[in-house]
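# Structural overview for review
The lines below spell out each chain.
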Amino acid sequence: AVVSTQSGHYGRGAPDELELAAKKIRQDVVEADNNLPPRTSDLASPIMHLSGHGAEILCCKFSPTGDILASSGFDRHIFLWNVMGECENIAVLTGHTGSIQQLCFTGDGKDLVTASSDKTLGLWDLEMGYRVRKFKAHHSFVNSCNVSRSSSPYMVCSGSDDNTIRIWDTRRRHCVKTLQNKYQVTAVCFNDKADNVISGSIDNSLKIWDIKHGEVQTEMKGHVDTVTSLSLSPDGNFVLSNSMDNTVRMWDVRPFAPANRCLKAFVGAQHNFEKNLIKCCWSPHGTKVICGSSDRMVYVWETNTRKLLYKLPGHKGSVNDVDCHPTQPVLLTGSSDKTIFLGELQ
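Basis of the calculations
- Residues numbered from 1 in each chain as written.
- Predicted model: local features only at pLDDT ≥ 70, side-chain atom pairs only at ≥ 80, totals over all residues.
- Heavy atoms only, no water.
- Salt bridge = Lys/Arg side-chain N within 4 Å of Asp/Glu carboxyl O.
- Buried < 20%, exposed > 50% of the residue type's maximum accessible area, 1.4 Å probe, protein only.
- Pairing = 2+ DSSP bridges.
- Helix = DSSP H or I, 4+ residues; strand = E, 2+ residues; numbered from the N terminus.
- Axes fitted to C-alpha atoms, helices over the stretch in contact; angles between N-to-C directions.
- Patch = residues over 30% accessible without salt bridge, like charges linked within 9 Å, V, L, I, M, F, W, Y side chains within 5 Å.
- Areas by Shrake-Rupley, 256 points an atom, 1.4 Å probe, with all protein chains shown as cover.
- Core = buried A, V, L, I, M, F, W, Y, C linked by side-chain atoms within 4.5 Å.
- Contact = heavy atoms within 4.5 Å.
- Phe/Tyr/Trp six-rings, centres within 6.5 Å; stacked < 30°, edge-to-face > 60°.
- Polar contact = N/O pair within 3.5 Å; in protein donor to acceptor, adjacent residues only side chain to side chain.

### Brief notes about the pattern of salt bridges
Tallying each qualifying case throughout the model produces 7 salt bridges. Where Asp-169 meets Arg-172, a salt bridge forms, and the shortest distance between an N and an O atom there is 4.0 Å. Of the residues examined, Arg-172 reaches a relative accessible area of 48% and is grouped as partly exposed. Overlapping salt bridges bring together Asp-169, Arg-171 and Arg-172 as one network.

Here's what the structure looks like:
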């Protein structure tokens, strides 16, 4: 709270009662400030609200260092924002001719990869501010993309409505491997070593693919509706999946895991008639699971106990993507209401 005082505000010879009232207001504001919970992040305010997009936001991510964030969606523009200070919009990247379904940073934070309904993926040089690669091979909407954690070189995987998963080398323009699925692929992610790709589909199952041999290594069943997103745990041992069956599930993706790989199910987050591919993510140390929801809330669970820690309001539309800051307790959310929230957790 800010109290501004102006000399002579009450006029010359103002009554003593008004001066006493003004002092009391200032004292109450100071006491109210002292009663606020302690700050836990370097955000300018505990909650920052960013607006500027012209249509629904479908994806948003922090850079690996956490100093900038990227957001995009139906307006086909990629916005780059400062995370600290006034959260200024520092760049707008354009080039896609369809909605941008997902985006992710490379591990060094120098490049950004985008998947679009224009059937292409883009590789963007953030220092130069333009697209340096346009990956063309898919024959329908590209729903999902992911970048390998290792950088020798960075590999990209993509999943599409053309029933394929494609592997790309960021140094080359052409697809280096194609994996053929039976149904539309709605979510993809690499494992920790990038020798496997995990995919989710409209057939409700997750598949672990051996990239070298181009075949399914393991199929994991448990969801009863379309899988909308996948997220690999920080230690690389587990993957989260969100589904239109209104559950978020945690799976063991280690090579010699037991046959029943579904370890936990987190309940609460919703899907509705919009059928958006709502995303989920882990906290940096894997202790929390976060998911967007069509009921305009953000759900945060404790990983070990599955206890719902937070059900966060604020958005006026479906929350389509969530992300955690890499070093601070700050949550990023992007919504169909065309806005972004940055909020610190206690």
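### A few points about the sheet that holds strand 23 (residues 288-291)
Consider a sheet: its strands pair through backbone hydrogen bonds, and that pairing is either parallel or antiparallel. Reading across the sheet, the 4 strands line up as 22-23-24-25 and stay open at both edges, with antiparallel pairing between neighbours. The sheet is open, and its two edges are formed by strand 22 (280-282) and strand 25 (308-312), each paired on a single side. Recorded for the sheet is a direction-independent mean angle of 15° between the axes of neighbouring strands. Judged from the 4 bridges that link them, strand 24 (residues 298-302) and strand 25 form a sheet pairing that is antiparallel. What sits directly across from Val-298, in strand 25, is Leu-312.

### With respect to a nonpolar patch on the surface
Together, Met-128, Tyr-130 and Val-132 make up a nonpolar patch on the protein surface, roughly 280 Å² of accessible area in all. You can call Val-132 partly exposed: its relative accessible area is 32%.

### Focus: the nonpolar core
By size, the foremost hydrophobic cluster in this structure holds 15 residues, and its most contacted members are Leu-50, Phe-62, Leu-69, Leu-332, Ile-340 and Leu-342. Residue assignment for this core shows that the elements contributing at least two residues are strand 1 (47-51), strand 2 (57-62), strand 4 (78-82), strand 27 (330-335) and strand 28 (339-344). A per-element tally of this core places strand 2 first, with 3 residues. When neighbours within four sequence positions are excluded, Leu-342 is seen to be in contact with Leu-43, Pro-46, Ile-47, Met-48, Leu-50, Phe-62, Leu-69, Val-83, Cys-87, Val-330, Leu-331 and Leu-332. Grouped together as the second largest cluster of nonpolar side chains are 13 residues, Ala-187, Leu-230, Val-253 and Cys-262 included.

### Section: the packing of aromatic side chains
A full pass over the atoms with the stated rule returns 4 aromatic pairs. Ring centres of Phe-135 and Trp-168 lie 5.1 Å apart, and the angle between their planes is 35°; this geometry places the pair in the tilted category. Of this pair, Phe-135 sits in strand 9 (residues 130-136) while Trp-168 sits in strand 12 (residues 164-169), and the two are 33 residues apart along the sequence. Classification of Phe-135 as buried rests on a relative accessible area of 0%. Classification of Trp-168 by relative accessible area gives buried; the value is 0%. Between Tyr-299 and Trp-301 the ring centres are 5.9 Å apart and the planes differ by 20°, which places this aromatic pair in the stacked class. Comparing Tyr-299 with Trp-301 shows no difference in burial state: the two are buried. A network of ring pairs unites the aromatic residues Phe-266, Tyr-299 and Trp-301 as a single cluster.

### Here we look at the side chain of Asn-143
In this structure, Asn-143 sits in strand 10 (residues 142-147). Polar contacts involving the side chain of Asn-143 include one to the main-chain carbonyl oxygen of Val-185, which spans 2.9 Å. Contacts of Asn-143, omitting those with residues within four sequence positions, involve Gln-101, Gln-102, Gly-159, Ser-160, Asp-161, Val-185, Thr-186 and Leu-277.

### Some thoughts on the pairing of strand 7 (residues 111-116)
Here strand 7 lies mainly inside the structure; 6 of its 6 residues are buried. Burial of the side chains of strand 7 extends over both faces: Asp-111, Val-113 and Ala-115 are buried on one face and Leu-112, Thr-114 and Ser-116 on the other. By the bridge criterion, 5 bridges tie strand 6 (residues 100-105) to strand 7 in an arrangement that is antiparallel. Among the inter-strand pairings, Cys-104 is bridged to a residue of strand 7, identified as Val-113. Sheet topology places strand 7 next to strand 8 (residues 120-125); 5 bridges connect them, and they run antiparallel. The residue of strand 8 that forms the bridge with Val-113 is Leu-123. The antiparallel pairing of strand 7 with strand 8 creates a hairpin that spans 3 residues between the two strands, and Lys-119 there sits at a positive phi of about 75°.

### Considerations on unusual backbone geometry
Negative phi values dominate among residues other than glycine, just as trans dominates among peptide bonds. The phi angle at Asn-246 is positive, at roughly 70°, despite the residue not being glycine. Looking at the element boundaries, Asn-246 is found in the loop between strand 19 (238-243) and strand 20 (247-252). One non-glycine residue with positive phi stands out, namely Lys-338, at about 75°. Looking at the element boundaries, Lys-338 is found in the loop between strand 27 and strand 28. Exposure remark for Lys-338: the relative accessible area of 39% places this residue in the partly exposed category.

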